[in-house]
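# Results of the structural survey
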Amino acid sequence: MSRTTSLSAASSFWRPSSLLVNGLLLLAALAALFPLFWMLSVSFMQTGAASSLPPPLWPQDPTLAHYRQLLSQGGIGRAFVNSLGLALAVTCISTLFNATAGYAFAKLQFAGRDRIFALLIAALVIPGQVAMLPLFLMLKNLGLINSWGGVLVPGLAGIFGIFLVRQYARSIPDELIEAARMDGAGEFRLFFSVVLPVLKPVLVTLAVFAFLGSWNDFMWPLIVLTDGDLLTLPVALASLSREHVQDSELMMAGAVITVLPVLLLFVALQRYYMQGLLMGAVKQ
Amino acid sequence: MTLPAHPPSRARRQTAAWAFVAPALSVIALFFAVPVLLGLALSLSDFDIYALADLGNLRFVGLGNYGQVLQMPLFWQALGNTVYFVAFGVPLSIAVSLGTAVLLQSRLARCKPLFRTALFAPVVTTLVAVAVIWRYLFHVKYGLVNHALLSLGFDPVDWLGDPQWAMPTIILFAVWKNFGGNMIIFMAALQAVPQDLYEAARLDGAGPWAQFRHITLPNLAPTTLMVSILTTAGYFQLFAEPYVMTQGGPLQSTVSVLYLMYEEGFKWWNLGTASAVAFLLFLIIVSVTQGLLWLARRLSGGRA
Amino acid sequence: MADRRALLRVGAAGLAAPLLAGQAGCGRADPNLLRFWAMGREAEVAPQLLAGFERENPGLRLQIEALPWSAAHEKLLTAFAGDALPDMAQMGNSWLPEMAALGALEPLQPFLDKSRTVDKADYFSGIWATNEVAGRSVGLPWYVDTRLLFVRTDLLARAGFERVPRDWNGWLRCMAALQATGVATPLLLPTQEFEPLLALALQQRGELLKDGGRRGNFDSEGFRQALRFYLLMFQRGFAPGLSHNQVANVAQEFGRGSFAFYITGPWNIGEFKRRLPAALQDRWITAPLPGPLPEGVPGGGPGASVAGGSSLVVFRHSQRKPQAWKLIEYLSRPAVQQQFYRLTGNLPPRRSSWALADEGGRSLAQDRHASAFAEQLERVRPAPAVPEWERIAQEMQLFATRAAFAGVDLEETVRGLDVRVDAILEKRRWMLDRSAR
């Protein structure tokens with residue numbers, strides 16, 4: 001395919017077709033990001049400023065008062081720590097569980113392996129909410145309601161995660177594993193020293209997915225947690241939004257605290273996140 | 001070739017394999033499979049708040065709950081709302097995803113990584129937080145959207161308070177939130193389309209639109225099908241948006257099937273009814289996805 | 001490097017474990033931690049209000065949890081279902097039959113018998129009655145609540161009305177006049193609140209449920225009249241079709257004169273006093289709800305309203321019942337109830353609290369904004385005391401909204417509502433019939 005020379009590259013930007021493409025992209029990017037910019041802007045506005053006509057775009061008199069209020073009284077600081085702790089726990093445990101299981105399904109032989117895997121894939125169709133109510137009753141009998149354990153347990157392993165790891169692990173050359181076995185390595189040693197390094201990219205992907213999934217999870221923590229100081233960020237924010245429906249500036253500050261960490265995490269690790277999406281979706 | 005010192009026996013390898021899968025499988029079995037089966041059992045009883053207090057108040061009703069749910073006007077309204085959401089949301093979402101993917105893949109596009117990050121950002125944001133933002137942006141009096149409409153000379157719209165407009169607003173929101181995911185998938189699929197096809201078409205004098213219709217779309221068909229099915233199944237599970245933005249209102253125009261399940265189950269504790277709703281939703285999703293697959297097979301088979 | 005990664009992972013999981021364990025253990029077993037759930041504005045002032053209690057009981061620690069009203073009922077039931085109820089809570093009176101039917105509440109009679117501060121005779125009898133289920137006291141009234149008119153008297157004066165209207169016809173005339181002077185929607189009637197319609201319905205003769213709470217009685221002349229009047233508000237454009245989401249700040253809009261009438265409860269006395277500027281404080285007043293019949297006719301003039309309010313309950317599974325009762329007793333002291341009024345505008349259920357003079361020498365009964373409530377409290381009727389009431393009330397409101405905005409006709413509405421309510425009450429009928437047998 002012929003490449004444009006550097007001379008015509010600059011001038012080609014101003015061609016109508018190029019302007020159209022870049023213009024549309026710019027419009028789309030603005031549409032995608034505008035609500036987030038507005039959220040940031042309003043969080044610094046004075047109380048009541050956002051509910052005035054004409055609705056302002058920039059704060060007249062920027063203030064940190066809402067952040068201070070949220071962190072001191074609103075329990076948002078607490079919710080942030082809760083969300084972080086939970087997300088880290090889920091990420092570590094689920095990545096470990098999914099990795100071992102995915103590897104086993106890919107490379108180890110055991111009775112009924114393929115049938116069980118087929119069953120797991122079929123189960124992907126079942127929406128998680130079908131299990132929610134009975135799971136609630138089950139956890140109540142285990143005393144896990146209104147505790148972080150109750151929030152954690154459904155997320156400790158996931159079919160999608162196992163699928164991703166298996167896909168990736170299948171590409172590991174068998175000779176590598178056999179060689180290690182010949183050297184007398186036990187299965188666990190083998191896994192940790194030989195397989196895991198190779199799986200690193202998919203593990204980071206899994207970890208990013210798990211972290212984001214746990215951080216953004218709303219419905220299940222909403223149901224399980226009742227104590228105010230156990231709440232995670234999305235639940236605390238939703239409860240705040242019902243109670244303080246008039247304080248839009250306060251709500252936006254809460255939204256910033258909820259959204260900013262994951263946005264930053266995403267920007268830092270976006271390569272892995274998108275890779276994971278592709279692996280899961282494009283490869284059948 | 002060295003002889004192995006201790007060749008691991010087949011049996012030992014099997015136990016090791018089981019040890020590897022046991023944690024994940026037990027979590028899935030205990031916290032997913034068992035509840036699903038229990039849910040089926042619940043749906044056959046009239047478990048409610050009275051039964052929660054005293055199990056002696058439980059009655060076995062067989063398929064009675066399913067009959068009752070199918071006769072509830074609210075269920076049909078919820079189903080209608082959900083189907084409305086899927087019918088408009090899925091095509092719109094896919095169109096936007098495909099459009100932005102094509103734009104991003106174009107040779108003419110600049111600063112691609114920057115645009116890609118920007119367009120994908122809404123996907124990772126917490127739904128509750130951005131739903132709150134949208135609620136304020138679409139406020140009937142103080143929202144920026146109505147302000148923009150007014151300055152362009154249009155009448156303001158009661159986005160979240162008018163039963164006609166509430167669901168379209170939620171559809172718009174869902175599309176905004178989710179288009180990035182499918183965009184990435186389409187981008188990868190577009191990359192896989194062989195470039196010489198485009199070369200040949202250009203030499204034949206085909207314009208960009210013709211190239212799109214005759215090369216891009218057919219090559220993307222499998223991906224489009226997969227994305228449609230995944231998005232459809234996902235959109236049938238609409239819940240958080242109505243919960244945060246409209247609480248199912250106004251006039252229950254944004255009650256989705258899952259929202260109905262949540263209300264029946266966790267608001268009024270009619271667990272029997274709620275489980276029946278959940279299983280009905282499951283059956284609907286399965287039938288619709290099967291239908292889509294069958295349709296796709298018909299279409300591609302017919303074209304061959 | 002792989003081992004390090006594995007170590008890291010195990011280490012992180014290990015760090016997380018104490019998080020879980022720590023939470024599971026802490027607070028639950030502490031015998032000196034009293035967990036109290038309160039709602040709305042009451043929850044906001046509770047720490048301040050209870051500072052005195054904490055000083056008197058240095059060994060006891062209080063954990064006050066704030067619940068928004070819109071989610072409180074749900075959270076209470078969820079907590080009951082999940083065995084996660086606190087030691088005690090504030091609870092709306094209308095929820096008491098439900099929680100009592102579930103066996104969640106501790107009967108308070110033994111505590112009442114031994115108490116020296118709580119005297120049943122001192123409480124308004126209608127309010128005390130709402131706290132008795134099947135003859136047993138399951139809650140102690142904390143404050144009374146009813147729905148009244150909050151009025152911008154200056155806007156009324158501008159429209160030619162020196163006195164707040166006291167009957168329906170006068171009210172309609174007043175609102176028409178207000179519209180003529182530029183107040184486009186004189187009455188704020190949020191469509192997700194069922195209390196205004198309930199108050200109008202309770203002004204009628206007859207009950208909302210019949211056969212001992214087994215069936216709906218909405219297809220009756222009384223309810224029809226109430227619903228017709230309610231729908232008139234929207235038909236004549238007196239009330240906007242605003243949903244909860246759209247009224248960002250009620251106090252702000254009241255101050256701006258977007259509406260002149262608002263049917264709401266005593267907590268807004270506190271809210272408006274706090275949020276409205278000083279210049280507006282003498283331009284608003286509270287007034288009893290106008291009744292259906294004109295003044296002068298027997299039974300005419302201002303009508304009844306909902307007998308609401310919150311009570312304090314102790315949960316059966318609590319391990320700290322005596323401590324919870326101590327807190328309840330503290331909150332029922334007249335001096336504390338007066339302080340409560342000053343902080344929130346919520347009205348005491350004890351006559352002695354009303355009569356108690358504060359430092360300024362004025363008692364509640366003489367307070368400008370509270371006196372209308374004293375008058376209305378003489379004319380309150382409770383909602384039906386069935387466990388399913390919360391659900392029935394919400395269905396009632398839904399049907400009414402549909403009649404107002406989706407063009408469903410009145411006959412169809414009331415008949416459909418009865419069918420729906422009968423279905424909701426089916427289990428109750430089965431249980432009552434079963435226990436009768």
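Residues numbered from 1 in each chain as written. Chains lettered and ligands numbered in written order. Predicted model: local features only at pLDDT ≥ 70, side-chain atom pairs only at ≥ 80, totals over all residues. Heavy atoms only, no water.

## Structural notes on the overall build of chain A
Note the following rule: Each helix corresponds to a stretch of at least 4 residues labelled H or I by DSSP, and each strand to a stretch of at least 2 residues labelled E; elements are numbered beginning at the N terminus. When we talk radius of gyration, it's over C-alpha atoms, and the globule rule is simply 2.2 Å times the number of residues to the 0.38. In this scheme, a residue with accessible area under 20% of its type's maximum is buried, one over 50% is exposed, and one in between is partly exposed, where area comes from a 1.4 Å probe on protein chains only.
Of regular secondary structure, chain A possesses 13 helices and zero strands. Beginning at the N terminus, the succession of helices and strands in chain A can be written as α-α-α-α-α-α-α-α-α-α-α-α-α. Relative to the 2.2 N^0.38 estimate, which gives 19 Å for 284 residues, the radius of gyration of chain A is 24 Å and therefore markedly larger than a compact globule would have. Within chain A, buried positions represent 56% of all 284 residues.

## A word on the overall build of chain B
Basically, it comes down to this: Contact definition: two residues touch when any of their heavy atoms are within 4.5 Å. Note on areas: Shrake-Rupley with a 1.4 Å probe; residue coverage comes only from the protein chains shown. Positive charges are assigned to Lys and Arg, negative charges to Asp and Glu, while His and the chain termini are left out of the count. Here the site of a charge means atom NZ of a Lys, CZ of an Arg, CG of an Asp or CD of a Glu.
A count of helices and strands for chain B gives 13 helices and zero strands. When its helices and strands are written in sequence order, chain B yields α-α-α-α-α-α-α-α-α-α-α-α-α. Its C-alpha radius of gyration of 25 Å places chain B more than 25% over the 19 Å reference for a compact globule of 304 residues. Dimensions of chain B, computed from the C-alpha atoms along their principal axes, are close to 85 × 80 × 40 Å. The buried share of chain B, reckoned over its 304 residues, is 56%. Across chain B, the fraction of contacts at a sequence separation of at least 24, relative to all contacts at a separation of at least 6, is 68%. Per element, the accessible surface of chain B, about 13200 Å² overall, is 67% carbon and sulfur. Distance from the positive charge centre (17 side chains) to the negative charge centre (12 side chains) of chain B: 17 Å.

## Examining the interface of chain A and chain B
Rules: Buried area counts how much accessible surface, traced with a 1.4 Å probe, disappears from two parts once they are put together, with both parts' losses summed. Contacts described as polar in this section are N or O atom pairs within 3.5 Å, which, within protein, must combine one atom able to donate a hydrogen with one able to accept it, while residues neighboring in sequence count only if both atoms come from side chains.
Contact residues are listed per partner, giving 104 residues for chain A and 89 residues for chain B. Regarding the contact of chain A and chain B, the summed buried area is about 8200 Å², with carbon and sulfur atoms giving 82% of it. At the surface where chain A touches chain B, the tally comes to eight residue pairs in polar contact (both at pLDDT 80 or more). Here the side of chain A that touches chain B takes 17 residues from helix α2 (residues 16-43) of chain A, the largest share from any one element.

## A look at the sheet that holds strand β8 (residues 187-188) of chain C
Strand-to-strand pairing in sheets goes through backbone hydrogen bonds, with the strands running parallel or antiparallel. Residue and element names in this part refer to chain C. Note the cut-off: Here the rule is simple: two strands pair whenever DSSP picks up at least two bridges between them. All axes here are fitted lines through C-alpha atoms, helices being fitted over the stretch that makes contact, and every angle between N-to-C directions spans 0 to 180 degrees.
Spatially, four strands are ordered β8-β11-β7-β12 in an open sheet, and the strand pairing comes out mixed. The open sheet is flanked by β8 and β12 (284-287), the only strands paired with a single partner. Here four bridges tie strand β7 (residues 148-152) to β12, and the two strands are oriented antiparallel to one another. Residue pairing for β12: Val151 is matched across the bridge by Ile285. Against the sheet, helix α13 (residues 267-275) contacts β7, β11 (261-264) and β12, and its axis sits at roughly 135° relative to β11.

## Focus: the sheet that holds strand β14 (residues 308-314) of chain C
Residues and elements named next belong to chain C. In spatial order, the strands read β2-β1-β3-β14-β6; together these five strands make up an open sheet with mixed pairing. Looking at strand neighbours, the two that pair on one side only are β2 (61-67) and β6 (140-145), the edges of this open sheet. Strand-to-strand twist of the sheet, defined as the mean angle between neighbouring strand axes without regard to direction, takes the value 20°. Both strand β1 (residues 33-39) and strand β3 (residues 88-92) contribute to a ladder of two bridges, which runs parallel. Note that in β3 the partner of Trp37 across the bridge is Ala89.

## A few points about the packing of aromatic side chains
What describes a pair of aromatic rings is the distance from one ring centre to the other and the angle between the planes of the rings. Rules: Two rings belonging to Phe, Tyr or Trp (six-membered ring only in the last case) form a pair when the distance between their centres is within 6.5 Å. Interplanar angles under 30 degrees mark stacking, angles over 60 mark edge-to-face geometry, and anything in between is tilted.
In total, this model carries 57 aromatic pairs over all chains according to the counting rule given. Judged by centre distance (5.6 Å) and plane angle (85°), the ring pair of Phe150 of chain C and Phe272 of chain C falls under edge-to-face. Of the two residues, Phe150 of chain C sits in strand β7 while Phe272 of chain C sits in helix α13, which places them 122 residues apart along the sequence. Given the relative accessible area of 0%, Phe150 of chain C is considered buried. Residue class for Phe272 of chain C comes out buried when judged on its relative accessible area of 1%. Clustering of aromatic rings is evident, with ring pairs tying together Phe136 and Phe218 of chain A together with Phe239, Tyr243, Tyr259, Tyr262, Phe266 and Trp269 of chain B.

## What about the domain arrangement of chain A?
All names here are of chain A. Selection criterion: Boundary definitions for the domains trace back to an automatic or database domain assignment. Between Lys or Arg on one side and Asp or Glu on the other, a salt bridge is scored when a side-chain nitrogen of the former is within 4 Å of a carboxyl oxygen of the latter.
The domain architecture assigned to chain A consists of domain 1 (2-64) and domain 2 (66-282). The centre of domain 1, based on its C-alpha atoms, is set 33 Å off from the matching centre of domain 2. On the domain 2 side, the residues contacting the 16 residues of domain 1 number 11 residues. Buried area between domain 1 and domain 2, summed over both chains or domains, comes out near 1100 Å², and the portion from carbon and sulfur atoms is 66%. Ranking the residues of domain 1 by area buried against domain 2 places Met39, Ser43 and Leu64 at the top, with a combined share of 50%. Here domain 1 is connected to domain 2 by zero salt bridges. Summed over the shared surface of domain 1 and domain 2, the number is six residue pairs in polar contact (both at pLDDT 80 or more).

## Description of the pattern of salt bridges
As enumerated under the stated definition, the model contains 39 salt bridges over all chains in all. In this structure, the salt-bridge partner of Asp174 of chain A is Lys107 of chain A, at a minimum N-O distance of 2.8 Å. Pair noted here: Asp174 of chain A is in helix α9 (residues 174-182) and Lys107 of chain A is in helix α4 (residues 76-107), with a separation of 67 residues, a long-range link. The class for Asp174 of chain A is partly exposed, based on a relative accessible area of 44%. The shortest N-O distance in the salt bridge between Asp227 of chain A and Arg35 of chain C comes to 2.9 Å. One end of the pair, Asp227 of chain A, is in the loop between α11 (219-224) and α12 (233-243); the other, Arg35 of chain C, is in strand β1, on a second chain. A residue is classified by how much of its surface remains accessible, and Asp227 of chain A, at 5% relative accessible area, is buried. Assessed through its relative accessible area of 6%, Arg35 of chain C is described here as buried.

## Structural notes on the environment of Ser318 of chain C
All names here are of chain C. Here Ser318 shows up in the loop between β14 and α14 (321-331). The buried category is assigned to Ser318, whose relative accessible area is 8%. Sequence separation of Ser318 and Glu388 is 70 residues, and the distance between their C-alpha atoms is 25 Å. A distance of 2.9 Å separates the side chain of Ser318 from the backbone nitrogen of Arg320, its partner in a polar contact.

## Section: the confidence of the model for chain A
Note the following rule: Note on scores: pLDDT gives the predictor's confidence for each residue, bounded by 0 and 100.
Overall, the prediction assigns chain A a mean pLDDT of 84, with 93% of residues at 70 or greater. Every residue in residues 1-7 of chain A is under pLDDT 50, and counting partners more than four places away or in other chains gives three contacts.

## Brief notes about the packing of helix α11 (residues 221-235) of chain C against helix α18 (residues 389-405) of chain C
Residue and element names in this part refer to chain C. Condition: Just so you know how the angles are binned, under 35 degrees is roughly parallel, over 145 roughly antiparallel, 65 to 115 roughly perpendicular, and the rest oblique. Should the near helix be turned counterclockwise from the far one by less than a right angle, the crossing is left-handed, whereas a clockwise turn marks it as right-handed. Think of it as three bins: nonpolar holds Ala, Val, Leu, Ile, Met, Phe, Trp, Tyr, Cys and Pro, charged holds Asp, Glu, Lys and Arg, and polar takes everything else, Gly as well.
Taken N-terminus to C-terminus, the directions of α11 and α18 make an angle of 50°; their axes are 10 Å apart at the nearest point. Here α11 lies oblique to α18, going by the angle between them. Between α11 and α18 lies a crossing whose hand is right-handed. From α11, Phe223, Leu227, Tyr230, Leu231 and Phe234 reach across to α18, where they touch Met396, Gln397, Ala400, Ala403, Ala404 and Phe405. In terms of residue class, the contact of α11 with α18 is made up of 10 nonpolar, one polar and no charged.

## Considering helix α10 (residues 187-216) of chain A
Rules: Residue count minus one, scaled by 1.5 Å, sets the expected span of a helix. The reported bend at a residue is simply the angle between two axes, fitted to the 7 residues ending at it and to the 7 residues beginning with it.
Taking 1.5 Å per residue as the helical rise, α10 of chain A with its 30 residues ought to reach 44 Å, whereas the 36 Å between its terminal C-alpha atoms falls clearly short. Of all the bends found along α10 of chain A, the most pronounced is centred on Lys200 of chain A and spans about 65°, while Pro201 of chain A, a proline, follows it within four residues.

## Concerning the nonpolar core
Where we set the bar: Nine residue types can take part in a nonpolar core, namely buried Ala, Val, Leu, Ile, Met, Phe, Trp, Tyr and Cys, and a core is a set of them joined through side-chain atoms within 4.5 Å.
Ranked by internal contacts, the top residues of the largest apolar core, which has 222 residues, are Phe218 of chain A together with Phe315 of chain C. In this structure Phe218 of chain A touches Pro234, Val235 and Ala238 of chain A together with Val128, Phe239, Ala240, Tyr243 and Val244 of chain B, once residues within four positions along its chain are discounted. If you look at the next biggest cluster of nonpolar residues, it comprises 59 residues, including Phe161, Val183, Leu187 and Phe223 of chain C.

## Focus on unusual backbone geometry
For Leu251 of chain B, which is not glycine, the phi dihedral falls at a positive 55°. Within the secondary structure, Leu251 of chain B sits in the loop between α11 (240-246) and α12 (257-267). Of note, Asp211 of chain C is a non-glycine position whose phi angle comes to about 60°, a positive value. Checked against the element boundaries, Asp211 of chain C lands in the loop between β9 (209-210) and β10 (215-216).

## As for the environment of Asp229 of chain A
Here Asp229 of chain A is to be found in the loop between α11 and α12. The exposure class assigned to Asp229 of chain A is partly exposed, which follows from its relative accessible area of 26%. Along the backbone, Asp229 of chain A and Ser41 of chain A are 188 residues apart, and their C-alpha atoms lie at a distance of 28 Å. Side-chain polar atoms of Asp229 of chain A contact the side chain of Gln63 of chain C, separated by 3.4 Å.

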